[in-house]
Each structure stands twice: as structure tokens, then as C-alpha cells.
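# Per-entry structural report
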Amino acid sequence: MTHARALLLSLLLVGGLSACFAEGEQQAGEPGDNFFLEHIAPASSEGQILNLMPNPNEYQIDLRLPSGLGLQRQFQRTEVEAADASFGVGIQESSGTTATLSLKSRTTLEFTRRETSVQDILSQMMRRAESTGMALTQGFGEGSSEGSLALHRTLNVEETPAQGELQTLVEGLDLSSGLGYGLKLQASAERKQSQESGRLSESSYKGDLTTALSGGDATAHYEFLRRLEEGVGTDHLRMDIVAPFAVDGATALAEHHVIDDRSGSSSKKQRKTNFSLPLNFVREGALASYSEELKLTNGVRKQNNVLTLATPMTLLGHASQLERITTETINGDSVQSQRLLRLTTQFGDSQGVLERSETLIPRDDGVERHRSTLVESPRIELGNTMTLGVGHLQQDVVGVETTRTSHVDLTAKPIEPLDISANYKLTDSGPGAETKDRQVQTALALSDTMSLQGSISEVETQDGPAAIVRHLEVQRTKHSDEDLGVRVGYTTWGAQEEEGEPAVLAQLSVGSDTKVSVNALYTDYNEKKLEPLEEPTTSVELRAGDPAKLGMRAAYTDQEGRPEPERALGLALRTLGGALRLDYVHNPLGPRGREVMLTDLYELGFQRKIFGSIGMELGYKFSGATDETDAQNHFKVQLDGGQTDRGGQIALSYLSGHFVPYPKRAEPPASLLDLTYKKQWLDSGFITVTVRREEPPRLSVNMDDTLEAQLKYQMEF
């Protein structure tokens, strides 16, 4: 057999070389090349096969006989990518056979067989899927009671060299029947059972009942699934009921939905109920609705109940709506309720709002009442270029405090590239606690790549002078590597008619990251909050070359709170079959990313594939720290990859020092070792070895290493 396969392989290679010379530019193995198919598929010079199957790699036969028997046959052979196969090419064959027998006008018996397999060029099976089934369909009834009953039985087979052959039997029935005028039932039941003990057992039931009501079709849906897979059981239940009714020329709707999932000791239940009732007898378009949404997760309740009454009306010739909304929120043992009355009036594209609400919040010593009143005007157009909006909000904690907030917003676009917005807000939190905020923002587009932005913000309190922030920024955006990116900002702080020390921002970006690039930043203020910095932030980074081949990096960073600036040099290159990275950092940030280490740090990193699918990553850090609580040498070793049926699958990780994940508050362990190895044993078993070792934090007292080891063997029967 070995000599025969070697001979076949030699013939295939010779045929491939001949095809390459004959075709000229086309290479074997490229997309669209059928080198292997042309040598595997039989050819006929006599014409008998060609008459029935013009293409032996793909054909379809469909025969219909007067006796009610029908035969169909489909076949297709294609080349597919297969990484584990010789030459990276596999031969996939898909075939299907269907035999149909009509015994009477409404009785049909059907047999089907579908098979898909992938082999390498030496005819070694890589994977196979097969489905063989029979179905019987019987029709019955007439008119509004017409229906059908279908029984089916299917055996599904999946096979690979690693897992062997797995068989699953599927049996079920489907029922569809009319139950009189406007009433229809559809139901199904299915059972799946694996032939291997304990692998899979599943039962499911579904039903849909549809009937015609005055407001449309009403539906009731039920489904239940019970699944036991490799010892883990899950239950899924779902029910949906939707019923529309015609009421006074409109439609009332009732809905109820339930989803219940259980798995082991975990449970999750969701329930949603909605009712909507038109109140046209009160006023045309009036509506009452109630919704209840419940989420119950492992006994913890979250529920939200909302009752809404909405009435449309017309005020001063504008469409309006009055809403009364009552909300109850339940979170565990806490129950919070809110009552809200809202009036909205539409004015073109905007609307005015008048709202009053009261919220009751339970406290340990009683109930706390919150009341609020909101007034929002619609956007008022002032000419063709400006709009104005005003609003007022009053918030009361009954018996404790009152806060009033008023605002005025103005937007303008005097010319196409210029946008202006002005905001004024007055906040009164009680005697002596009044605050006034004023802000003007502008944005001017100078070109496709340049823009000018400016803002003036003023905050005034009763016990101090007004604090004013003035900000101006010019930005030029890069559209390509040859462009120059520039951003310049200017910010000042001070009281009215006074101006403190100005702060500037300058940022420059030029070049390409894969060739030569420079990125530089200098700023005296926080960009997000527009607050001055006690010390400026300066950063410069120079990159040269492509890191995927040979790249270099030099960087300098100094910022607020740093006792000394950070300086870094880096080199990245492809060597030794992998990626090598060398870095030197003077005064780097510590492993938590907050404190500064006043020392030198040398770092080495290397990644590559060492054999097969096993990947390796090495890391080493050396710091000149003299603190006895911190180590000078830090190591990282990681191996990952492999296959359980080919030598085993391994995941090894050893971390020490700064490579160890640091917790937020506690001290990290000095080192961590994790090892997992899994190997297929015999044909249906797996052996797994896991080891974890943790070294206690440095300078810890009366703490020993922790070691956990586990050996597990699994076998399928």
C-alpha cells in the first residue's frame, strides 16, 4: 500500500509539472486550478459516461416516473483548502439521493441520503458528515379544516480521525391543521438521541395557534426544550400571546411574553406584559397603556411597572399631548415610585415641554420625597441664521433643599463655514450658593484640512470674582504621510478685565510610521478640562524604519508630577525566525502605571514559532532598582499550541516581577507558574495535567508557596 501511494504521488507530481509547462503562466495550486481533479476524475473516450454525465466532477439526475416514483441524484467534487493535507489541498465530495413515492393524492413517502466528505490526495479521510432519513406525509381534511401530518426519522453521522464516528438519531412529527374558519394550529415534536451514552439527549416541543380577532390575527406560541449534553442539563421555556381587538375604530392590544431558562443551580426568568387601550370615547387619539417588565435572576427581582394615560389636544393651533405617567421600580427589596405629568407642544421641528414629577425614595428612617418642575421652550428662530432656546428646572428635596437652574442657548451660523453657540446658565442652590455659567464657542472651517476653534467660558459665584477661561485652537489635519499635521492651542485664565499667565499647546506630526516619522507635543494645560498644569507636558517620539523588518524608536516624555523625565530607545527587527524587540527606558512608569521608577530599565522580548503550531514568547526586564521590595530581574516564558492527537496540546506560562498581573490594592505574588497539558489517550480518552505554583509577595512573613496539581483522565463510552 505504501509503494502504491508513493507511485500515485509521483504520477500526480509529474502530471502537475506537465500541466504547468502546458498552461504557461498558471501555477498549480492557485485558486481556480483543477490540477488534482483533472488527474483523479476518470476520463472516457468512448462517450458512454459523457452522454449521461458530461462533467464527472459535477452532475445532477432527475427522473420522474408515471407510477408516482421520483428519483434525484446530485454529485459535486471540488478542491478545498486543507492546511493539514498534502500540498494544502483537499478533495471535497458532496452527494445527495432522494427517492419519493406518492402512494395516493395526499400520501407521500420520501427517502433521503446526504453525504459530504473531505479527503487528501492520497484518499485518506479527513472529515465526513452523513445524513440518512425517511419521512411520511399524510394530508387530511378539506377547506378550513385541511391539514397534514408528517413523521420523520433521520440518522446523522459525523466522523473525523480524531473523534471517530459520532451518531445522532433524530425523530419527530409535524402537524398543521385548520380548526375551522380563521383558526389554525401548527405543532411539532422532536427528539435527538446520541448513540454514544451520555453525549446528547434532547426533547423539544413547539406549537402555534392563530385565530382571527376583530383587530387582526391573534397568535399564541409555546416552545419547550430540554437538553442533556455531557452531564449538563438545561431547560428552556417560552410563551407568547398577542391579541388585538377593534375598539371604537382603533385597535387595542394585549401582549404577554415569558422566557424561562434553567441550567443546574442557575435560573433566569423574564416576563413582559403590555396592554394598550384606545380612549376615543373620551377624546380622539387618547390612549391608556400599562407595561410590566420583570427579570428574576437566581431569585433576585428587578421589575418596572409603568401606567401611561396620553391625551392629544391643540393649543394655540399647535399639536400637543398631555401625559400622566406612573412608574414603580422594584430592585430586590427596594421599591421606588414616581408620578409625572407632562405637556408637550410641537412647534415645527422642536417642541416645548412643561413637566412636573414627584419621586418617593425609601430610606431607613422613612420616605424621601423629590419634586421637580421643568419648563423648556421650543427653538425660536431669529431671522435666518439664529435660533434661541430657554429653560428652567426646579428640584426640591422636600424639607431639605431646593435647587433652581435656568439656561438660555443661542446658536448662529452667520456664514457657511462658521458656527457659533452661546450658553448662559444660572444655578441657585440656596442663600449664598448662586452660580452663573456663561460660555461662547465658535468653529470656523478655513479649508478642507484647517479649522479654527475658540471658546470663552465664565463661571461667577457670589463669594468671589468671575473665573474666565479663554481658549483658541488652530488645527491642520493630515490626509496622507506626506502631509504635515499641526495643532496649536492658546488658553488663559483670569477674572474680568484681568488675564493670568497664558498656557499654550503645540503638537506636530510628520512622516510615516513605516519610514521616518516625528510626533511632538508640548502643553501647559489639560486638554479635556481646560485647566492649567503645574508643570508642562512634553513628549517627542522619533521612529525610523519598518518594525516588521528593522525599526528604531526614540522617545522623551516629561509631565506634571514626574520627578525626572522619561527617555526611551527601542529597536525591533526580524531575526532568528521571529520578532526581536530591545528597549531601554530611563525613569519609566512602574508596573501599576502610576508611580515613576527613578532607575534604568532594560527590556528584551522575542516571539516565534519553534516547531509546528507551538509558539514561544520570551521576555526579560532588568531594572537598576535598589529597593529591597522590588526585584531587579523579571522573566516571562510562554509556550502555547499543539494538538491533542499529535503529541499533545500545551499551555505553559511563567511570570515573575513586573510581568505578574498587579492587583489594584494588594501586593502581587513574586512569580506565577501555570502549566496545562492535554493528550489524547487511546481512541476515546483524554489525559490532562495541570500545575499552578504561586510564590508569595517579596518580604512577606510566614507565607509559603502555594502549589496545585491535578491529573485528570476522561474516557467516552
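Quick notes on the rules
Residues numbered from 1 in each chain as written. Predicted model: local features only at pLDDT ≥ 70, side-chain atom pairs only at ≥ 80, totals over all residues. Heavy atoms only, no water. Helix = DSSP H or I, 4+ residues; strand = E, 2+ residues; numbered from the N terminus. Rg over C-alpha atoms; globule rule 2.2 N^0.38 Å. Buried < 20%, exposed > 50% of the residue type's maximum accessible area, 1.4 Å probe, protein only. Contact = heavy atoms within 4.5 Å. Salt bridge = Lys/Arg side-chain N within 4 Å of Asp/Glu carboxyl O. Phe/Tyr/Trp six-rings, centres within 6.5 Å; stacked < 30°, edge-to-face > 60°. Core = buried A, V, L, I, M, F, W, Y, C linked by side-chain atoms within 4.5 Å. Polar contact = N/O pair within 3.5 Å; in protein donor to acceptor, adjacent residues only side chain to side chain. Pairing = 2+ DSSP bridges. pLDDT = per-residue confidence, 0-100. Patch = residues over 30% accessible without salt bridge, like charges linked within 9 Å, V, L, I, M, F, W, Y side chains within 5 Å. Areas by Shrake-Rupley, 256 points an atom, 1.4 Å probe, with all protein chains shown as cover.

## Notes on the overall build of the chain
The helix and strand tally for the chain stands at three helices and 40 strands. Over its C-alpha trace the chain gives a radius of gyration of 38 Å, far above what one expects of a compact globule, namely 27 Å for 717 residues. With respect to the principal axes defined by its C-alpha atoms, the chain has extents near 105 × 85 × 65 Å. Considering the chain as a whole, with its 717 residues, one finds that 26% of them fall into the buried category. Sequence-distant contacts, at least 24 apart, represent 33% of the contacts inside the chain between residues at least 6 apart.

## Quick look at the pattern of salt bridges
Oppositely charged side chains can pair when the atoms bearing their charge come close. Here the structure, examined in full by the defined rule, presents 36 salt bridges. The partner of R238 in a salt bridge is D240, with the nearest N and O atoms 2.8 Å apart. Taking the relative accessible area as the measure of exposure, D240 reaches 11% and is therefore buried. Through salt bridges that share partners, R113, E115, R128, E130, E159 and E165 make up one connected network.

## Points about the packing of aromatic side chains
Under the defined criterion, the tally for this structure stands at four aromatic pairs. When the centroid spacing of 5.4 Å and the interplanar angle of 25 degrees are considered together, the rings of Y59 and F75 count as stacked. With Y59 in strand β1 (residues 58-64) and F75 in strand β2 (residues 69-81), this residue pair connects regions lying 16 residues apart in the sequence. Both residues of the pair, Y59 and F75, belong to the buried class. Note on Y602 and F622: the rings are 6.4 Å apart at their centroids and 35 degrees apart in plane angle, and the pair reads as tilted. Of this pair, Y602 sits in strand β34 (residues 600-611) while F622 sits in strand β35 (residues 614-623), and the two are 20 residues apart along the sequence. A relative accessible area of 30% places F622 in the partly exposed class. Members of the aromatic cluster, each reached through a chain of ring pairs, are Y584, Y602 and F622.

## Some thoughts on the nonpolar core
One recurring pattern in soluble globular proteins: nonpolar side chains tend to sit buried together. The biggest cluster of nonpolar side chains holds six residues, and these are V469, W493, A503, L505, L521 and Y525. Elements with a minimum of two residues in this core: β28 (503-511) and β29 (516-526). Once you skip the residues sitting within four places of it in the chain, V469 turns out to touch S455, I456, S457, T491, T492, W493 and L530.

## Quick word on the side chain of T98
Along the chain, T98 turns up in strand β3 (residues 89-104). Take T98: its relative accessible area is 7%, and that puts it in the buried class. Among the polar contacts made by the side chain of T98, one reaches the side chain of R114 at a distance of 3.2 Å. If we skip the residues at most four places from it in the chain, T98 touches G70, L71, Q72, E110, F111, T112 and R114.

## Some thoughts on the pairing of strand β13 (residues 266-278)
Strand direction decides the pairing type here: strand β12 (residues 250-263) and β13, joined by eleven bridges, are antiparallel. Bridge pairing in β13 places I259 opposite Q270. If you look at the hairpin formed by β12 and β13, you'll find two residues sitting between the two strands, and G264 has a positive phi there, around 60 degrees. Sheet topology note: the β13/strand β14 (residues 287-297) ladder contains eleven bridges and is antiparallel.

## Thoughts on the environment of L589
Note on placement: L589 falls in the loop between β33 (578-586) and β34. Overall, L589 belongs to the partly exposed group, its relative accessible area being 36%. Expressed as a C-alpha distance, the spacing of L589 and D524, which sit 65 residues apart in the sequence, is 21 Å. Each residue touching L589, except ones within four places of it in the same chain, is listed here: R562, E566, R594, E595, V596 and M597.

## Notes on the environment of L179
Mapped onto the secondary structure, L179 falls in the loop between β7 (164-178) and β8 (183-194). Judged by its relative accessible area of 44%, L179 falls in the partly exposed class. When the C-alpha atoms of L179 and N423 are compared, they prove to be 67 Å apart, with 244 residues separating the residues in sequence. In this structure, L179 is in contact with S144, K184, L185 and L209, ignoring residues within four places of it in sequence.

## Quick notes on the pairing of strand β5 (residues 125-140)
Inspection of the sheet shows strand β4 (residues 107-119) paired to β5 by 13 bridges, in the antiparallel sense. Among the inter-strand pairings, E115 is bridged to a residue of β5, identified as E130. In this antiparallel pair of consecutive strands, β4 and β5, the connection spans five residues, and S123 shows a positive phi of 65 degrees. Hairpin connection between β5 and strand β6 (residues 147-160): a loop of six residues separates the two successive antiparallel strands, and G141 in this loop has a positive phi of roughly 75 degrees.

## Brief notes about the side chain of S509
Within the secondary structure, S509 is located in strand β28. For S509, the side chain forms a polar contact with the side chain of N519, separated by 3.0 Å. Apart from the residues within four sequence positions on either side, S509 is in contact with K478, D483, L484, G485, V518 and N519.

## Concerning unusual backbone geometry
You will see that D248, though not glycine, has its phi angle at about 50 degrees, which is positive. Tracing the backbone through its elements, the reader meets D248 in the loop between β11 (232-247) and β12. Even without being glycine, L316 reaches a positive phi, approximately 55 degrees. Within the secondary structure, L316 sits in the loop between β15 (300-315) and β16 (318-331).

## What about the confidence of the model for the chain?
Confidence in the prediction of the chain, expressed as mean pLDDT, is 85, and 90% of residues score 70 or more. For residues 1-33, every residue scores under 50 in pLDDT, and the model assigns this stretch 22 contacts once sequence neighbours within four places are set aside. The low-confidence segment residues 39-51 (pLDDT under 50) makes eleven contacts with residues lying over four places distant or belonging to another chain.

## Description of a nonpolar patch on the surface
Nonpolar side chains collect at one region of the surface, where L103, L109, F111, M134, L136, F140, L149, L151 and L173 lie side by side and expose about 710 Å² of accessible area between them. Elements supplying a minimum of two residues to the nonpolar patch: β4, β5 and β6. The biggest single contributor to the nonpolar patch is β5, with three residues. Take M134: it is sitting in strand β5.

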